[in-house]
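Read off the chains here:
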Amino acid sequence: MQSHQSTPPLAADAPAPKRAKRPRAAQACERCRTKKYKCDEQYPCSHCKKSQLDCVYQGNYRERESNRSASYVADLEKKVEELASRLRDAEARVTASPQSIKLPVNQPPAPTGIETTPCSMPRTGSTPLEPAKLPGDTTQEESAESADDEIKELNHHTNGIEFYGSTSSAAIIGHLKKAREPKSHEEPYHRPADFSLISTLHNPSFSPSYSAGPSAAIEQQNYYFDQAHVFMNGYFENIHFIHPFIDKEDFLIRANDLWFNRSHTAEPSFVALYLSVLSFGALVRVWDEDKLAGLGRFEWSRKLFGEAQAYLNYLRFSNDLETVQCLYMMAKICQNELNPNLAYMYLGLAVRTCLSAGFNREVECPKDPRSSWISKTWWGMFSLEIEMSFSVGRPDTLGMDEYHNRAIPDRDDTEYAIIPWMIDFAQIIRRVSVQIYHSRITLQEKLQLALQIEMEMDRWLARLPERIKPDIGAYRLSRSALRDPKWARRQRLVLGIRYYNVKMLLFRPFLSHFTRKLRHPPNELEETIAKCLDAAMKTIEVIHDIYRVHTFFRCWWYNTTYVMFATSTLLLPMSKLGMCADTMPLLRSVEMGVEILESMDESVVARKSVEIIRQYLRDFRASGAQQPAPGPSDGTEKVPVSMEAGAGQSGFEIPEWAYGFGFPDYSFEGIARLFDDIGGLPMLDGD
C-alpha cells in the first residue's frame, strides 16, 4: 500500500515518459488552435464539421491542400446535392399552390438608362458555363424552351449559314411550325432534307453585287441630278425623322458642290453617303409614277445601293463620319429590303468604325465643328444596334456602356430629342433580351422580372415629351397635336408601334410555355399571356389605322416584320386551341394583319407572308368543323383534332412557290421550283 502511494513522488522525480507529439499550431485549424483541441487536420476537421462552422487553416495548409482535395470535393458535392434537393422541394410547393406566390411590390427596379450594362445587370443564374443538369430541374427545362426556338440554317440563296435567336420573327414562325408537327412518338416526323425556313423568307431579288470600285458613269450623269431632289426629299421628309443624325443643310450644300463641280475632287466617302441616301429615298418614298427615267422603285434603289457599295469598296476601311453614316444607310436599306442578315452586318461595321474612330468618346483635342453631329450619329446607332440585334435574336457589338462617354444629345423640343429617349428604350430592350430570353432562371423569377420591366416601360412612356408621346392607355392626344410638325407626328407613330412590339415580346415566353404545356396557367401567368396577346392585337390595330390614313407608311417596308411578329404570336394559341370563343377576337386581328400585308403587295416577302398566314387560317377554320361535341371538362385545355392529325389533312393548300421549303406537315421536293417561281419577282422582306 505504501509502495503504491509512493509511486507519484517517484514518478515526479523521474523523467516524464514521452507523450505523442501534437500537431504544430500552423498545421491545426484556427478554431482548434484557439480552443486547444486536437485537430485531425482534415478539411473540414471533425470539430468544425460537428459544430457546423467554417474550418480555416493558416501556414503550410496550402502545401498539403492537394492531399485533401478529394474529400473536400466529395463534401462539397454532397452539400450541393442537399441544397438542390431542398430547392426542388420548395419549387414543388410553389407550383402546387400558385396563389401563395407574392410578387415583390417594393423591390427597386434594376437600374435604367445609360448605366445599365451587360455587366451591371443582375447575374442571377446567368453564366456562360453549362451547369450540371439535376433530376427534376425545371430551370433547365424552362431555359431550354427559349433555345428550342432558335434557328440556324443554310440559306440556299447565299449558300451561307444564318442564325436567328428566339426574339426574331423567323424564330417565332419556326415555333409556330413546330407546333403543327405531328406529336406521335410511334412514327417520328422526319423533316425534308432541303427544308429551310430562312431560304423561304429570303429576298432573292435583293442580291447586292460587289464591284471593284466606283464607275465613271456616275460623274458623267452628274450624280443623277435629275432624280436626286426627288429621292433626297423621299428620305429627308420621311424616314429621316426616326433616326435624325444626318445634317440635312450641310448635305444639300455638299450635294450642290457635286452637281456644279465646285470641288475639283469629290470626297469618295461623301459620294458613298450621297448615293446611299438616294437609294434609301427611292426605296421608301411614295411613288405616284410607275417609273422615273425608265426605272422603278426597286430598280433605282438597288442600282444606287450597288454604286454606294462600290465607293465603300474603293475606300476600304475609312474612319470618317460620312463612312459611318453611309454604313448606317446601307443597313437601313437592307432592313427595309427585309434582309435582316445583311442589315445586321452593315450596322455592325458602322458601330466598329465609330469605335475605331473614337466617336463614342469625349477626347480632349481641338473642338471638332461637327462634334454635335458625331454625338447624334453615335447615340442614334447605339440604340439602333440594340434594337436590330434584338430583332434577329443576336448579341449587339457595343460592349459595356462604361466605354462610351460621348455626351448624349439634349432632351429639348427639337426633332433630335428622340435620340436620348430611344437610348433609354434600347436599354429596356437589352434587359428583355438578356434577362428574359437568355438567363437561366425559373419561370417565376422571369415573371417577376417581366413585371418590373413592364413598369419600367410604362415609366418611360409617361416621361416622353407631349409632342412625341403615343396615344396609349390613359394618355390621349391634346388638340394642339393637330398642329404638331411633321417630324413629331412621324416619331409619335413609330414609338407607339415599338412600345407594343417590345411589350408583346416581353411576355411572349409565357405564352410559349403555356402552348407547350397545354394546361391551365396560374393567375399570374394568365395575366401575362393576356398582356402578350393584347399587345399583339394593338400592334396590328395601330398599323392598320395608320395605313388607312397615311400612304407614306405603306412604303416603310420593315412594318411587314412588326405585322408578322404580331400575327405569328396570335396564331400560336389559335393553332393549339382551335376555333372557340377565346380565339375569335384573335382571328379578327389576324385577318386585319392579312389586309395590311396585302396593301404592301410590291414586296415579295409581304406576299409570301400573306400565303403563310392564309394557310394557318384555313387550318384553323377546318379545326372548327372537326371539333368534337363538348363533354365533361377535366380542367385541361384540349388540342383540336386537326392539330393531332397526320400530314395528309385536307383543306390546307400549299402555294406553288412553297415547294422545296417550308411546311413540315407535307412532303416537298425540289428547291429549284421555288427559285424558278420567285426569281423574277421584285422584292422580298427579311426582318
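Keep in mind the model is a prediction, meaning the values are calculated, not measured.

A. Representation of the pattern of salt bridges in the model. For the structure on display, the rule yields 27 salt bridges. Between Arg33 and Glu30 there is a salt bridge, and its shortest N-O distance comes to 3.2 Å. Of this pair, Arg33 and Glu30 both sit in helix α3 (residues 30-35), three residues apart, which is roughly one turn of that helix. The partly exposed category is assigned to Arg33, whose relative accessible area is 37%. Taking relative accessible area as the criterion, Glu30 reaches 25% and is therefore assigned partly exposed. As a salt-bridge pair, Arg254 and Glu322 come within 2.8 Å of each other at their nearest N and O atoms. Taken together, the residues span a long stretch of sequence, with Arg254 in helix α11 (residues 248-259) and Glu322 in helix α14 (residues 321-336) at a distance of 68 residues. Each member of the pair Arg254 and Glu322 is classed as buried. Salt bridges sharing partners connect three or more residues here, namely Asp250, Arg254, Glu267, Glu322 and Arg370.

B. Looking closely at the environment of Ile242. Mapped onto the elements, Ile242 comes out in the loop between α10 (225-236) and α11. Assessed through its relative accessible area of 5%, Ile242 is described here as buried. Note: C-alpha distance between Ile242 and Gly380 (138 residues apart in sequence) is 9.4 Å.

C. Structural view of the UniProt feature "domain: Zn(2)-C6 fungal-type" (unreviewed entry) in the protein. Within this numbering scheme, the UniProt entry marks residues 28-57 as carrying the feature "domain: Zn(2)-C6 fungal-type" (unreviewed entry). Helix makes up 40% of residues 28-57 and strand 0%, whereas the separation of the span's terminal C-alpha atoms amounts to 7 Å.

D. Main features of the side chain of Ser389. Turning to its location among the elements, Ser389 is positioned in helix α16 (residues 371-391). A residue is classified by how much of its surface remains accessible, and Ser389, at 2% relative accessible area, is buried. Apart from residues lying up to four places away in sequence, Ser389 is in contact with Tyr344, Arg394, Pro395 and Asp396.

E. Spotlight on the packing of α14 against helix α15 (residues 340-357). Orientation of α14 relative to α15, taken along the N-to-C sense of each, is 165 degrees, at an axis distance of 8 Å. As the angle between them shows, α14 and α15 are arranged roughly antiparallel. Crossing geometry of α14 relative to α15 is assigned as left-handed. In this structure, α14 contributes Val324, Leu327, Tyr328, Met330, Ala331, Cys334 and Gln335 to the contact, and α15 contributes Leu342, Ala343, Tyr346, Leu347, Leu349, Ala350, Thr353 and Cys354.

Criteria and thresholds
The residue numbering used here restarts from 1 in each chain and proceeds along that chain's sequence as written. The predicted nature of this model means local features are confined to residues of pLDDT at least 70 and side-chain atom pairs, given and counted, to a pLDDT of 80 or more, with totals for whole chains, interfaces and linings taken over all residues. Excluding hydrogens and water, the side-chain figures rest on all heavy atoms present in the structure. A side-chain nitrogen of Lys or Arg and a carboxyl oxygen of Asp or Glu constitute a salt bridge if their distance falls within 4 Å. Going along the chain from the N terminus, every DSSP run of H or I of four or more residues is numbered as a helix, and every run of E of two or more is numbered as a strand. Exposure is judged per residue with a 1.4 Å probe applied to protein chains only, and the accessible area is read against the type maximum: over 50% gives exposed, under 20% gives buried, and values in between give partly exposed. UniProt positions are given in the numbering used here, feature names are shortened, and annotations may be inferred rather than shown by experiment. Throughout, a contact is declared for two residues whenever any of their heavy atoms are within 4.5 Å. Note on geometry: axes are lines fitted to C-alpha atoms, helical ones only across the stretch in contact, with angles between N-to-C directions running from 0 to 180 degrees. Between 65 and 115 degrees an angle is taken as roughly perpendicular, under 35 as roughly parallel, over 145 as roughly antiparallel, and anywhere else as oblique. The sense of a crossing depends on the near helix, which, turned anticlockwise from the far helix by less than a right angle, makes the crossing left-handed and, turned clockwise, makes it right-handed.

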